[in-house]
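# Breakdown of the fold
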Amino acid sequence: MKSIKKIFWTVWRIWFYVVMLIPILVMLPFLVASILTESGYPYFFKMSRIWAKCVLFGMGFYYKVEKLQKLDRKKSYMFVANHTSMTDIMLMLAVVDNPFVFVGKMSLAKIPLFGFFYKRTSILVDRSSSKSRMEVFEQAQKRIDRGLSICIFPEGGVPHDESIILDTFKDGAFRLAADHHLPIVPLIFPDNKKRLSYTYYSGSPGLMRAKMLPPIETVSATGEPIDRKELREHVRKIIFDELINFQNIDASKSK
(Lines give C-alpha, C1' and ligand atoms only; values in the text may rest on other atoms or scores of the structure.)
Protein backbone atom coordinates (compact mmCIF):
# COMPACT_ATOMS: atom_id res chain seq x y z
CA MET A 1 0.00 0.00 0.00
CA LYS A 2 2.86 2.40 0.83
CA SER A 3 4.44 1.71 -2.56
CA ILE A 4 1.18 2.56 -4.35
CA LYS A 5 0.89 5.81 -2.40
CA LYS A 6 4.47 6.75 -3.24
CA ILE A 7 3.82 6.10 -6.93
CA PHE A 8 0.68 8.27 -6.74
CA TRP A 9 2.55 11.10 -5.02
CA THR A 10 5.43 10.92 -7.51
CA VAL A 11 3.10 11.09 -10.51
CA TRP A 12 1.07 13.83 -8.84
CA ARG A 13 4.17 15.95 -8.18
CA ILE A 14 5.29 15.59 -11.79
CA TRP A 15 1.76 16.49 -12.92
CA PHE A 16 2.01 19.72 -10.91
CA TYR A 17 4.81 20.98 -13.15
CA VAL A 18 3.03 19.72 -16.27
CA VAL A 19 -0.18 21.54 -15.35
CA MET A 20 1.87 24.68 -14.63
CA LEU A 21 3.26 24.63 -18.18
CA ILE A 22 0.17 23.69 -20.22
CA PRO A 23 -1.78 26.98 -19.72
CA ILE A 24 1.42 28.98 -20.36
CA LEU A 25 1.92 27.18 -23.69
CA VAL A 26 -1.72 27.75 -24.65
CA MET A 27 -1.56 31.48 -23.85
CA LEU A 28 2.08 31.94 -24.91
CA PRO A 29 1.62 34.49 -27.76
CA PHE A 30 -0.68 36.65 -25.62
CA LEU A 31 1.60 36.43 -22.59
CA VAL A 32 4.63 37.47 -24.62
CA ALA A 33 2.70 40.37 -26.18
CA SER A 34 1.55 41.59 -22.76
CA ILE A 35 5.09 41.93 -21.36
CA LEU A 36 6.51 43.89 -24.29
CA THR A 37 5.36 47.20 -22.76
CA GLU A 38 4.70 48.40 -19.22
CA SER A 39 1.12 49.28 -20.16
CA GLY A 40 0.48 45.62 -20.99
CA TYR A 41 0.96 44.40 -17.41
CA PRO A 42 -2.74 44.58 -16.40
CA TYR A 43 -3.48 42.16 -19.27
CA PHE A 44 -0.62 39.92 -18.18
CA PHE A 45 -2.05 39.95 -14.65
CA LYS A 46 -5.48 38.86 -15.88
CA MET A 47 -3.91 35.97 -17.79
CA SER A 48 -1.81 35.08 -14.74
CA ARG A 49 -5.02 34.75 -12.72
CA ILE A 50 -6.45 32.41 -15.37
CA TRP A 51 -3.20 30.40 -15.27
CA ALA A 52 -3.33 30.17 -11.47
CA LYS A 53 -6.92 28.96 -11.43
CA CYS A 54 -6.11 26.38 -14.12
CA VAL A 55 -3.22 25.03 -12.03
CA LEU A 56 -5.35 24.81 -8.88
CA PHE A 57 -8.22 23.13 -10.74
CA GLY A 58 -5.83 20.79 -12.58
CA MET A 59 -4.38 19.62 -9.26
CA GLY A 60 -7.82 18.92 -7.82
CA PHE A 61 -7.82 21.95 -5.54
CA TYR A 62 -10.84 24.17 -5.05
CA TYR A 63 -10.61 27.38 -3.09
CA LYS A 64 -12.94 29.38 -0.87
CA VAL A 65 -12.05 32.95 0.08
CA GLU A 66 -13.50 35.11 2.83
CA LYS A 67 -12.94 38.85 2.29
CA LEU A 68 -13.68 41.00 5.31
CA GLN A 69 -13.47 44.27 3.40
CA LYS A 70 -13.72 45.29 -0.24
CA LEU A 71 -10.53 46.86 -1.53
CA ASP A 72 -10.29 50.03 -3.58
CA ARG A 73 -9.34 49.06 -7.15
CA LYS A 74 -7.65 52.44 -7.66
CA LYS A 75 -5.41 52.12 -4.60
CA SER A 76 -2.07 50.33 -4.14
CA TYR A 77 -1.59 47.86 -1.28
CA MET A 78 1.03 45.59 0.22
CA PHE A 79 -0.31 42.01 0.25
CA VAL A 80 1.33 39.61 2.73
CA ALA A 81 0.56 36.00 3.66
CA ASN A 82 1.99 32.97 5.39
CA HIS A 83 4.22 30.87 3.12
CA THR A 84 4.09 27.07 3.17
CA SER A 85 3.79 25.86 -0.42
CA MET A 86 4.47 26.58 -4.10
CA THR A 87 0.68 26.86 -4.42
CA ASP A 88 0.76 30.07 -2.34
CA ILE A 89 1.61 31.93 -5.57
CA MET A 90 -1.38 30.46 -7.39
CA LEU A 91 -3.81 31.01 -4.53
CA MET A 92 -2.66 34.61 -4.09
CA LEU A 93 -3.30 35.28 -7.78
CA ALA A 94 -6.67 33.53 -7.66
CA VAL A 95 -8.10 35.43 -4.69
CA VAL A 96 -6.68 38.96 -5.15
CA ASP A 97 -8.38 41.11 -7.80
CA ASN A 98 -6.12 44.18 -7.56
CA PRO A 99 -3.20 43.93 -10.02
CA PHE A 100 0.04 43.34 -8.10
CA VAL A 101 3.62 42.24 -8.63
CA PHE A 102 5.48 39.68 -6.56
CA VAL A 103 8.71 40.42 -4.77
CA GLY A 104 10.40 37.04 -4.66
CA LYS A 105 13.58 35.02 -4.67
CA MET A 106 15.66 34.61 -7.81
CA SER A 107 15.63 30.81 -7.70
CA LEU A 108 12.07 30.66 -9.09
CA ALA A 109 13.34 32.24 -12.30
CA LYS A 110 15.09 28.92 -13.04
CA ILE A 111 11.81 27.03 -13.54
CA PRO A 112 11.45 26.38 -17.31
CA LEU A 113 9.08 28.77 -19.11
CA PHE A 114 7.43 29.91 -15.86
CA GLY A 115 10.73 31.51 -14.89
CA PHE A 116 10.93 33.38 -18.20
CA PHE A 117 7.81 35.38 -17.32
CA TYR A 118 8.45 35.46 -13.59
CA LYS A 119 11.76 37.30 -13.88
CA ARG A 120 10.33 39.78 -16.39
CA THR A 121 7.24 40.68 -14.40
CA SER A 122 8.26 40.27 -10.75
CA ILE A 123 10.76 42.11 -8.56
CA LEU A 124 13.56 39.65 -7.87
CA VAL A 125 15.77 39.96 -4.82
CA ASP A 126 19.07 38.37 -3.86
CA ARG A 127 18.87 38.48 -0.07
CA SER A 128 22.64 38.01 0.23
CA SER A 129 23.25 41.27 -1.68
CA SER A 130 22.61 44.65 -0.06
CA LYS A 131 22.65 46.25 -3.54
CA SER A 132 19.89 43.90 -4.70
CA ARG A 133 17.79 44.70 -1.62
CA MET A 134 18.11 48.43 -2.31
CA GLU A 135 17.12 47.96 -5.95
CA VAL A 136 13.89 46.35 -4.76
CA PHE A 137 12.78 49.69 -3.32
CA GLU A 138 13.46 51.48 -6.60
CA GLN A 139 11.61 48.83 -8.61
CA ALA A 140 8.69 48.88 -6.17
CA GLN A 141 8.33 52.64 -6.50
CA LYS A 142 8.09 52.32 -10.29
CA ARG A 143 5.29 49.75 -9.96
CA ILE A 144 3.43 51.80 -7.37
CA ASP A 145 3.66 54.88 -9.62
CA ARG A 146 1.87 52.80 -12.27
CA GLY A 147 -0.96 52.06 -9.82
CA LEU A 148 0.09 48.49 -9.01
CA SER A 149 0.22 46.76 -5.65
CA ILE A 150 3.06 44.68 -4.19
CA CYS A 151 2.97 41.14 -2.78
CA ILE A 152 5.61 39.67 -0.46
CA PHE A 153 5.70 36.51 1.65
CA PRO A 154 7.42 38.07 4.69
CA GLU A 155 8.81 34.83 6.10
CA GLY A 156 11.32 35.06 3.27
CA GLY A 157 10.87 31.41 2.35
CA VAL A 158 9.17 28.21 3.44
CA PRO A 159 10.38 26.92 6.85
CA HIS A 160 12.26 23.61 6.59
CA ASP A 161 10.57 22.45 9.78
CA GLU A 162 6.92 21.93 8.83
CA SER A 163 5.86 21.93 12.49
CA ILE A 164 6.48 25.70 12.49
CA ILE A 165 3.10 27.40 12.19
CA LEU A 166 4.51 30.78 11.19
CA ASP A 167 8.18 31.70 10.91
CA THR A 168 9.67 35.04 11.92
CA PHE A 169 9.01 37.91 9.52
CA LYS A 170 11.69 39.80 7.61
CA ASP A 171 11.64 43.61 7.58
CA GLY A 172 11.45 44.11 3.80
CA ALA A 173 7.69 44.12 3.27
CA PHE A 174 7.06 46.45 6.19
CA ARG A 175 9.84 48.83 5.30
CA LEU A 176 8.47 49.04 1.76
CA ALA A 177 4.92 49.55 3.01
CA ALA A 178 5.93 52.22 5.52
CA ASP A 179 8.22 54.10 3.13
CA HIS A 180 5.63 54.12 0.34
CA HIS A 181 2.60 54.58 2.65
CA LEU A 182 1.00 51.35 1.42
CA PRO A 183 -1.78 49.85 3.54
CA ILE A 184 -0.92 46.24 4.44
CA VAL A 185 -3.49 43.56 3.58
CA PRO A 186 -2.86 40.31 5.51
CA LEU A 187 -4.03 37.03 3.97
CA ILE A 188 -4.21 33.65 5.68
CA PHE A 189 -3.71 30.36 3.79
CA PRO A 190 -4.42 27.60 6.36
CA ASP A 191 -4.58 24.60 4.00
CA ASN A 192 -1.76 24.95 1.47
CA LYS A 193 0.77 23.03 3.55
CA LYS A 194 -1.68 20.13 3.81
CA ARG A 195 -2.53 20.26 0.09
CA LEU A 196 1.00 20.49 -1.37
CA SER A 197 3.90 20.98 1.03
CA TYR A 198 7.59 20.72 0.23
CA THR A 199 7.68 17.24 1.79
CA TYR A 200 7.78 15.03 -1.29
CA TYR A 201 5.52 12.16 -0.28
CA SER A 202 2.62 14.22 0.98
CA GLY A 203 -0.37 16.23 -0.11
CA SER A 204 -3.79 15.60 -1.58
CA PRO A 205 -6.51 17.28 -3.66
CA GLY A 206 -9.13 19.20 -1.70
CA LEU A 207 -10.20 22.53 -0.26
CA MET A 208 -7.90 25.55 0.00
CA ARG A 209 -9.31 28.25 2.25
CA ALA A 210 -8.16 31.85 2.17
CA LYS A 211 -9.06 34.76 4.41
CA MET A 212 -8.35 38.38 3.48
CA LEU A 213 -8.31 40.78 6.43
CA PRO A 214 -9.01 44.53 6.29
CA PRO A 215 -6.09 46.79 5.31
CA ILE A 216 -3.78 48.00 8.08
CA GLU A 217 -2.68 51.60 7.65
CA THR A 218 1.04 52.32 7.75
CA VAL A 219 0.65 56.05 8.40
CA SER A 220 -0.54 57.49 11.71
CA ALA A 221 -3.32 60.07 12.10
CA THR A 222 -0.64 62.79 12.11
CA GLY A 223 0.75 61.61 8.75
CA GLU A 224 3.90 60.02 10.22
CA PRO A 225 4.95 56.51 9.06
CA ILE A 226 4.36 53.86 11.73
CA ASP A 227 7.50 52.09 12.93
CA ARG A 228 8.14 49.14 10.62
CA LYS A 229 9.13 46.78 13.44
CA GLU A 230 5.89 47.56 15.21
CA LEU A 231 4.00 46.90 11.97
CA ARG A 232 5.91 43.65 11.40
CA GLU A 233 5.09 42.19 14.80
CA HIS A 234 1.49 43.42 14.70
CA VAL A 235 0.82 41.82 11.31
CA ARG A 236 2.61 38.60 12.25
CA LYS A 237 0.49 38.27 15.42
CA ILE A 238 -2.71 38.78 13.42
CA ILE A 239 -1.79 36.09 10.88
CA PHE A 240 -0.54 33.72 13.58
CA ASP A 241 -3.74 34.09 15.62
CA GLU A 242 -5.85 33.42 12.53
CA LEU A 243 -3.86 30.26 11.72
CA ILE A 244 -4.36 29.01 15.28
CA ASN A 245 -8.07 29.78 15.00
CA PHE A 246 -8.31 27.71 11.80
CA GLN A 247 -6.49 24.84 13.53
CA ASN A 248 -8.93 24.97 16.47
CA ILE A 249 -11.93 24.96 14.12
CA ASP A 250 -10.55 21.93 12.26
CA ALA A 251 -9.80 20.13 15.52
CA SER A 252 -13.33 20.70 16.81
CA LYS A 253 -14.82 19.39 13.56
CA SER A 254 -12.74 16.20 13.72
CA LYS A 255 -14.01 15.30 17.20
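Everything that follows concerns the structure shown earlier in this document.
Residues numbered from 1 in each chain as written. Predicted model: local features only at pLDDT ≥ 70, side-chain atom pairs only at ≥ 80, totals over all residues. Heavy atoms only, no water.

## Points about a nonpolar patch on the surface
The grouping of Ile14, Trp15, Val18, Ile22, Val26, Tyr200 and Tyr201 at the surface amounts to a nonpolar patch, some 660 Å² of accessible area in total. Position of Tyr201 among the secondary structure elements: in the loop between α7 (192-196) and β7 (206-212). (Patch = residues over 30% accessible without salt bridge, like charges linked within 9 Å, V, L, I, M, F, W, Y side chains within 5 Å. Areas by Shrake-Rupley, 256 points an atom, 1.4 Å probe, with all protein chains shown as cover. Salt bridge = Lys/Arg side-chain N within 4 Å of Asp/Glu carboxyl O. Helix = DSSP H or I, 4+ residues; strand = E, 2+ residues; numbered from the N terminus.)

## Notes on helix α1 (residues 2-34)
An α-helical segment advances 3.6 residues per turn. Residues three or four places apart therefore align on the same side. Taking 1.5 Å per residue as the helical rise, α1 with its 33 residues ought to reach 48 Å, and the 46 Å between its terminal C-alpha atoms agrees with that figure. Leu28 marks where α1 bends most, by close to 75 degrees; the proline Pro29 follows one to four residues later. Within the span of α1, buried status applies to Trp9, Trp12, Arg13, Phe16, Val19, Met20, Pro23, Ile24, Met27, Leu31 and Ser34. Against the buried residues of α1 lie α2 (41-58), β1 (61-67), α3 (87-95), α4 (114-121) and α7. (Expected span 1.5 Å × (residues − 1). Bend = angle between axes of the 7 residues up to and from the residue. Buried < 20%, exposed > 50% of the residue type's maximum accessible area, 1.4 Å probe, protein only. Contact = heavy atoms within 4.5 Å.)

## Description of α3
Judged by how many residues are buried, α3 sits mostly within the fold: 9 of 9 residues are covered. Among the residues making up α3, those that are buried are Thr87, Asp88, Ile89, Met90, Leu91, Met92, Leu93, Ala94 and Val95.

## Observations concerning the pattern of salt bridges
One pass over the structure, following the stated rule, counts 10 salt bridges. The salt bridge involving Asp97 is made with Arg49; its shortest N-O contact spans 3.2 Å. Placement of Asp97 in the loop between α3 and β3 (100-105) and of Arg49 in helix α2 is noted, with a sequence separation of 48 residues between them. With a relative accessible area of 33%, Asp97 lands in the partly exposed category. Notably, a salt bridge pairs Asp241 with Lys237, separated by 2.8 Å at the nearest N-O pair. With Asp241 and Lys237 both in helix α8 (residues 228-254), this residue pair falls 4 residues apart, about one helical turn. For Asp241, a relative accessible area of 36% gives the class partly exposed. Overlapping salt bridges, with partners in common, bring together Asp191, Lys194, Arg209 and Asp250 in one network.

## Remarks on the sheet that holds strand β5 (residues 149-152)
By definition, the strands of a sheet pair up through backbone hydrogen bonds, in either a parallel or an antiparallel sense. Taken in spatial order, the 7 strands line up as β1-β7-β6-β2-β5-β3-β4 in an open sheet, and their pairing is mixed. What marks the edges here is a single partner per strand, and that holds for β1 and β4 (123-125). On average, adjacent strands in this sheet sit at an angle of 25 degrees to one another, irrespective of strand direction. Two strands pair when backbone bridges link them, and β3 and β4 are joined in this way by 3 bridges, in the parallel orientation. Across the sheet, residue Gly104 finds its bridge partner in β4, namely Leu124. Against the sheet, α8 contacts β2 (78-81), β6 (184-188) and β7, and its axis sits at roughly 25 degrees relative to β6. (Pairing = 2+ DSSP bridges. Axes fitted to C-alpha atoms, helices over the stretch in contact; angles between N-to-C directions.)

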